[in-house]
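Chain by chain, the residues:
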Amino acid sequence: MEDFLGSLGPLLASTIRFATPLVFAALGGLFSERSGVVNIGLEGLMLISAFTGVVGAWYSGNAFVGLGFGLAAGLIFALIHALMCITFEADQIISGTAIILLALGGTGFLMVEIFGSGGTSPRVPGFKEIPIPLLSDIPLFGPALFSQSLLVYLMYALIPITWFVVYRTPFGLRLRATGEVPEAVDTAGVSVTRMRYFGVALSGILAAFGGVYLSMGLLSAFSEGMTGGRGFIALAALIFGRWNPIGAAGAALLFGFAQAVTVRAPQDVVPNEFLQMIPYVLTIVALVAFAGRAVAPAAIGKPYRKE
Amino acid sequence: MTEERREPREGGSGIGGALRDAGATLLFPVIAILISFAIGAVIVLLTGNNPVTAFAALLRGAFGSPTAIGRTLLNATPLIFTGLAVAVAFRAGLFNIGGEGQFFIGAITAAGLGVALGSLGFLAIPIVLAACLLTGFLWGAIPGLLKARFGAHEVITTIMLNYIAINLAYYLALNPLRTEGLVPGTDTIDIAARIPAIGLGLGRANFGLFIALLAALVAYLLLWRTRRGFEIRAVGLSPGAAGYAGMSIGLNTVLALAIGGAFAALGGAVEVMGVYGKMTVPFVTNLGFTGIGVALLGRNHPVGVVLGALLLGALASGAQEMQFATDVPLQLANVLVAVILLLVTATKLVELIIGKRARALVAGTRLERGLGS
């Protein structure tokens, strides 16, 4: 029992750490998809931001400058996706795939250009854990929930904020309407194009927080392909959570838990390769269990043309 | 009907009409490629190199000598297979991002079975290839079943299955099939049971290329000359109408993804049996993903897939020479591919360049669906 409780705390703490990038990306995906634009490029946006964050921190020696770099890159590449899908009416899924390939190729290219070789970057200053006084003293949950880095606390705050913005503000109403009945939004005098650009831009910034957390919170370096499908897992969390911020965050926590278990499981019992599969298998199981019942925004995936 | 008119075989009358259709079909890819190379030139300038020198080296590396051409063909071979894997599914309105995992399933099947049947010599080749077709078909059917039965979106399930397939292949290569050796991986297939090189000074290019071309032909015949293919395309063009006509959307969904899986797995098998002779850990990656670019460049038509694979294969081999001649990292090729993919369905962009005709040309290259439905 002593042992069990002793390992529960660290397990909970690493669940939160693994869930953090997923929550950021899922909330980002939510803004984009609610506006009617599929963003399967989340994976790529995270990867680009994880890299530019590290580059920024490496040049400046400051984690916050790195974060700024990462957010800017996430925004820029999200806007490229928006330009392609909204303005040029490219296929959204294909554009998203292109963003992922651009991220893989671009970070590979720049690793060689900037750091001289591919693989893993030099170590950079990351975001350190900042225990919150009193709260972090709560037994078991305290250290797990409140002895984390700044970005994790931001993630906690963003869940209710996103919920409030989406369901309780005029902006949120317009955003949701744009994803469901763009014609009505247009008739009401609100620009569908503008709302969709906002949605995709927000997805870029939020995915960037997730990417930067990955390379500078979870680790202190960038390594090629380090997102490892997290953008897709976040998308699955979004579907699993039925495009609702609370639901998506809950699903992201579940996937984070799966990753935490994977990392902490004894390697000698189950072969490592099978442990590695768990989060991906779980994602499929969750999709199978919930996809049929989840209803996507009605106008998702379709370019909007004024008649 | 306007949709069907774009197919070269069913297009306008006579050679003139066919050529006009082919020209129109190539317009999107050509514009995407030109813009992508312009962006590439800017990137090369930014790295402090001369774009003319860099692109000359790229061209030399891709076509400058028999060895270079051989390398281009070698690179193109697996891409034809993974491109077909995407194209066949796309014709059914499905986006198969699972080529990577399906490729690995074929590769590990070929490595395991190829070693076991090595004593059969040349006879082992067709047996192993058939086995890989089967494992790829079954693996590809999984996302099809998940989609048809539970409505799980194939984009996410195929991606997840990639990670599962790669881990499964690595597990097999590192445990039951592992051999003692410097490089972790499976044992090497007996040379007699491997796909031989073409020779003619073409370096390592092997007869797998002809298997790939045959696969493209089969894909064409299947899609345009069989009832099944007609159903698959009908489901892709209009699921509602296909269902109304009595076609099973579920069955065609499963079959399209399964056939795609079989093609990608065959690619993995040919790569193992023609190039490496075994599966090492790590094995070559990203051929499955590049197949997406190949298929879209080729407008999801088998002939286009072959051309797309040759282009991206040339880009990959040229990039090596470019890195050698200048100091532009060869990863630039991946960036160019990504930019091409980004632009290749950009309807409005092409409209800006050639006018309203662009809209009629885009049908069949897009899915118009969201996730989760």
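Everything numeric here is computed off the predicted structure, so don't read it as measured data.

## Notes on the overall build of chain A
The number of helices and strands found in chain A is 12 helices and two strands. Going from the N terminus to the C terminus, chain A shows its helices and strands as α-α-α-α-β-α-β-α-α-α-α-α-α-α. The C-alpha atoms of chain A give 19 Å as radius of gyration, which agrees with the globular expectation for 307 residues (19 Å, within 12%). A principal-axis box enclosing the C-alpha atoms of chain A has dimensions of 65 × 45 × 40 Å. Across the 307 residues in chain A, those meeting the buried criterion constitute 58%. Contacts spanning at least 24 positions in sequence make up 76% of the contacts within chain A whose residues lie at least 6 apart. With the model as given, the accessible surface of chain A reaches about 11600 Å², and the carbon-plus-sulfur share is 69%. When the 16 positive and 16 negative side-chain charges of chain A are each reduced to one mean point, those points stand 10 Å apart.

## A few points about the interface of chain A and chain B
The interface of chain A with chain B comprises 53 residues on the first partner and 56 residues on the second. When chain A packs against chain B, the two sides together hide about 4500 Å² of surface, and 76% of this comes from carbon and sulfur. Considering only the surface of chain A that becomes buried against chain B, A:Ile94, A:Phe109 and A:Arg305 emerge as the three largest contributors, covering 15% of it. For the interface between chain A and chain B, the tally reads zero salt bridges. On the surface where chain A and chain B come into contact, there are one residue pair in polar contact (both at pLDDT 80 or more). Broken down by secondary-structure element, the contributors of at least two residues to the side of chain A that touches chain B are α3 (63-87), α4 (92-115), α10 (230-240) and α12 (272-290) of chain A. The element contributing the most residues to the side of chain A that touches chain B is α4(A), with 15 residues.

## A closer look at the confidence of the model for chain B
All names here are of chain B. Within chain B, residue pLDDT values average 87, and 89% of them lie at 70 or more. Helix α15 (residues 357-362) is the least confidently modelled element of chain B, averaging 62 in pLDDT, while helix α4 (residues 99-116) averages 96, the highest of any element. For residues 1-12, every residue scores under 50 in pLDDT, and the model assigns this stretch 29 contacts once sequence neighbours within four places are set aside. Counting interchain partners and residues more than four positions distant, the pLDDT-below-50 stretch residues 368-373 has 33 contacts.

## Quick look at the packing of helix α2 (residues 51-63) of chain B against helix α3 (residues 66-91) of chain B
Residue and element names in this part refer to chain B. Two elements in contact, α2 and α3, have axes separated by 5 Å at closest approach and are oriented at 80°. With respect to their mutual orientation, α2 and α3 come out roughly perpendicular. Across from Arg60, Gly61, Ala62 and Phe63 in α2, the residues of α3 making contact are Ala68, Ile69, Arg71 and Thr72. Split into classes, the residues belonging to the contact of α2 with α3 amount to four nonpolar, two polar and two charged.

## Some details on the nonpolar core
A general feature of soluble globular proteins is that nonpolar side chains tend to end up buried together. Counting 191 residues, the largest nonpolar core has B:Phe95 and B:Met279 as the members making the most contacts within it. When near neighbours in sequence (up to four residues on either side) are disregarded, B:Met279 contacts B:Phe104, B:Ala107, B:Ile108, B:Ala111, B:Ala169, B:Ala173, B:Gly185 and B:Thr186.

## Thoughts on the pattern of salt bridges
Residue and element names in this part refer to chain B. Tallied over the entire structure, the rule returns five salt bridges over all chains. Here Arg60 ties to Glu321 by a salt bridge, and the two come within 3.4 Å at their closest N and O atoms. One end of the pair, Arg60, is in helix α2; the other, Glu321, is in helix α12 (residues 302-325), with 261 residues separating them in the sequence. Exposure remark for Arg60: the relative accessible area of 42% places this residue in the partly exposed category. What makes Glu321 partly exposed here is its relative accessible area of 23%.

## Description of unusual backbone geometry
Here the amide bond leading from B:Val281 into B:Pro282 is cis, since omega sits at 0°, within 30 degrees of zero. If you trace the backbone, B:Pro282 turns up in the loop between α10 (249-276) and α11 (287-297). Phi at A:Glu89 takes a positive value of approximately 55°, unusual for a residue other than glycine. Along the chain, the position of A:Glu89 falls in the loop between α3 and α4. Judged by its relative accessible area of 6%, A:Glu89 is buried. Despite not being glycine, B:Asn300 shows a phi value in the positive range, around 55°. Topologically, B:Asn300 is positioned in the loop between α11 and α12.

## Some details on α3(A)
Counting along an α-helix, one turn takes 3.6 residues, and residues three or four places apart therefore face a common direction. Over its 25 residues, α3(A) runs 35 Å from end to end, which matches the ideal 36 Å to within 8%, given 1.5 Å per residue. Here α3(A) has its buried residues at A:Ala63, A:Gly66, A:Leu67, A:Gly70, A:Ala73, A:Gly74, A:Ala78, A:His81, A:Ala82, A:Met84, A:Cys85 and A:Ile86. The secondary structure elements touched by the buried residues of α3(A) are α2 (42-60), α4, α6 (150-168) and α9 (192-218) of chain A together with α13 (332-343) of chain B. Two or three places before A:Phe64, at the start of α3(A), stands the capping residue A:Asn62, its side-chain oxygen 2.6 Å from that residue's backbone nitrogen. Phi turns positive, to about 55°, at A:Glu89, one or two residues after α3(A).

## A closer look at the environment of A:Val200
Residues and elements named next belong to chain A. Mapped onto the secondary structure, Val200 falls in helix α9. Through-space distance from the C-alpha of Val200 to that of Gly28 is 8.0 Å; in sequence the pair is 172 residues apart. Ignoring anything within four residues of it in the chain, the contact list for Val200 reads Ser32, Val37, Ala78, His81, Ala82 and Ile86.

Reading the values: the criteria
- Residues numbered from 1 in each chain as written.
- Chains lettered and ligands numbered in written order.
- Predicted model: local features only at pLDDT ≥ 70, side-chain atom pairs only at ≥ 80, totals over all residues.
- Heavy atoms only, no water.
- Helix = DSSP H or I, 4+ residues; strand = E, 2+ residues; numbered from the N terminus.
- Rg over C-alpha atoms; globule rule 2.2 N^0.38 Å.
- Buried < 20%, exposed > 50% of the residue type's maximum accessible area, 1.4 Å probe, protein only.
- Contact = heavy atoms within 4.5 Å.
- Areas by Shrake-Rupley, 256 points an atom, 1.4 Å probe, with all protein chains shown as cover.
- Lys, Arg positive; Asp, Glu negative; His and termini not counted.
- Charge placed at Lys NZ, Arg CZ, Asp CG, Glu CD.
- Buried area = accessible area lost by both parts, 1.4 Å probe.
- Salt bridge = Lys/Arg side-chain N within 4 Å of Asp/Glu carboxyl O.
- Polar contact = N/O pair within 3.5 Å; in protein donor to acceptor, adjacent residues only side chain to side chain.
- pLDDT = per-residue confidence, 0-100.
- Axes fitted to C-alpha atoms, helices over the stretch in contact; angles between N-to-C directions.
- Parallel < 35°, antiparallel > 145°, perpendicular 65-115°, else oblique.
- Nonpolar A, V, L, I, M, F, W, Y, C, P; charged D, E, K, R; others polar.
- Core = buried A, V, L, I, M, F, W, Y, C linked by side-chain atoms within 4.5 Å.
- Expected span 1.5 Å × (residues − 1).

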